[in-house]
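Per-entry structural report
Spelled out from the first residue to the last, the chains are:
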Amino acid sequence: MFLLCLIFKENANHTLLTVLKRGYQMSTNDREELINSEHFPVIMIRDFLLNNILGQETDDILYWSGKQLARQFPLIHVKDLQESFRYCGFGTLSLHKEERHRDIYYLTGSIIETRLLKHDASFHLEAGFLAEQIELTKGKPCEVQVKHPEQAITDTVQLIVNYE
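Heads up: these notes are all about the structure in this document. (Residues numbered from 1 in each chain as written. Predicted model: local features only at pLDDT ≥ 70, side-chain atom pairs only at ≥ 80, totals over all residues. Heavy atoms only, no water.)

**A short note on the pattern of salt bridges**
Pairing between side chains becomes possible if they bear opposite charge and their charged atoms approach one another. Note the threshold: Salt bridges are defined as contacts in which a side-chain nitrogen from Lys or Arg sits within 4 Å of a carboxyl oxygen from Asp or Glu. Numbering of helices and strands runs from the N terminus; a helix is a DSSP stretch of H or I covering at least four residues, while a strand is a stretch of E covering at least two. Per-residue accessibility, obtained with a 1.4 Å probe over protein chains only, is compared with the maximum for each type, and a residue is labelled buried under 20%, exposed over 50%, and partly exposed between these values.
Applying the stated criterion across every chain, the model contains eleven salt bridges. Measuring nitrogen to oxygen at the nearest pair gives 3.0 Å for the salt bridge that ties glutamate 132 to lysine 67. Placement of the pair is glutamate 132 in helix α8 (residues 124-138) and lysine 67 in helix α5 (residues 58-72), with a sequence separation of 65 residues. You'll find glutamate 132 and lysine 67 in the same group, each marked buried. Note that arginine 71 and glutamate 132 form a salt bridge whose closest N and O atoms lie 3.3 Å from each other. Placement of the pair is arginine 71 in helix α5 and glutamate 132 in helix α8, with a sequence separation of 61 residues.

Spelled out as structure tokens, the structure:
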């Protein structure tokens, strides 16, 4: 990864644009916005490299990896969820609605807006992380479902916590 970044820096930005133009179906404006984003290094790994390596199993593997990360970095209180998401670089997490058997969280922020430029970006790592942190802090088994936004309406990803 380090060598790849050095090559891109050495050959300037136009080389990177050429590589992305050949490999991915994105509009020119979206591609340029993605490349010029401060979040590009993370997005390159999360939404391009991991997707290439994991293939069709990307969402499942990322979900279980998120759960494993939460076990390695457990929270003490559920109130720390928002801060942990910000600190991990996942975006801004906010509780939108609490219901009897489910909660709805919104995941927003500049990194989310930029990642959504790639229409098949996976947010299952965040979902798994949230599910496990809730299980650890609330003691309630749950599963988190990811709802992608309709591009024209919002840049918010919904994480729906379904309690068993």
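**So, the nonpolar core**
Selection rule: Residue types Ala, Val, Leu, Ile, Met, Phe, Trp, Tyr and Cys, when buried and joined through side-chain atoms within 4.5 Å, form a set referred to as a nonpolar core. Contacts are assigned to residue pairs that have any heavy atoms within 4.5 Å of one another.
Grouped together as the largest cluster of nonpolar side chains are 28 residues, with contacts concentrated most on Leu130 and Leu159. Elements supplying a minimum of two residues to this core: α5, α6 (81-88), β2 (102-108), α7 (110-115), α8, β3 (142-147) and β4 (157-163). Per element, the largest residue contribution to this core is six residues, and it comes from α8. When near neighbours in sequence (up to four residues on either side) are disregarded, leucine 130 contacts Leu81, Phe85, Leu93, Tyr105, Val144, Leu159 and Val161. Counting residues in each nonpolar core, the second largest holds eight residues, with Met26, Leu34, Phe40 and Leu117 among its members.

**Here we look at the packing of α5 against α8**
Filter applied, for reference: Under this scheme, a helix contributes an axis fitted over its contacting stretch, all axes are lines through C-alpha atoms, and angles between N-to-C directions fall in the 0 to 180 degree range. Each angle gets one of four labels, with under 35 degrees taken as roughly parallel, over 145 as roughly antiparallel, 65 to 115 as roughly perpendicular, and the rest as oblique. Take the far helix as the reference: if the near one is turned anticlockwise from it by less than a right angle, the crossing is left-handed, and if turned clockwise, right-handed. Residues are sorted three ways: Asp, Glu, Lys and Arg are charged, Ala, Val, Leu, Ile, Met, Phe, Trp, Tyr, Cys and Pro are nonpolar, and all the rest, Gly among them, are polar.
Interaxial distance between α5 and α8 falls to 6 Å at its minimum, and their mutual angle equals 40°. One element, α5, and the other, α8, form an angle in the oblique class. Judged by the twist between their axes, the crossing of α5 over α8 is right-handed. Seen from α5, the contacting residues are Asp59, Leu62, Tyr63, Ser65, Gly66, Lys67, Leu69, Ala70 and Arg71; seen from α8, they are His124, Leu125, Ala127, Gly128, Phe129, Ala131, Glu132, Gln133, Glu135 and Leu136. Residue composition of the contact of α5 with α8, grouped by class: nine nonpolar, five polar and five charged.

**Observations concerning the environment of glutamate 143**
By the secondary structure assignment, glutamate 143 is in strand β3. On a C-alpha basis, the gap between glutamate 143 and glycine 128 in space is 8.0 Å, while along the polypeptide they are 15 residues apart. Ignoring sequence-local partners within four residues, the contact set of glutamate 143 consists of Tyr63, Ile160, Val161 and Asn162.

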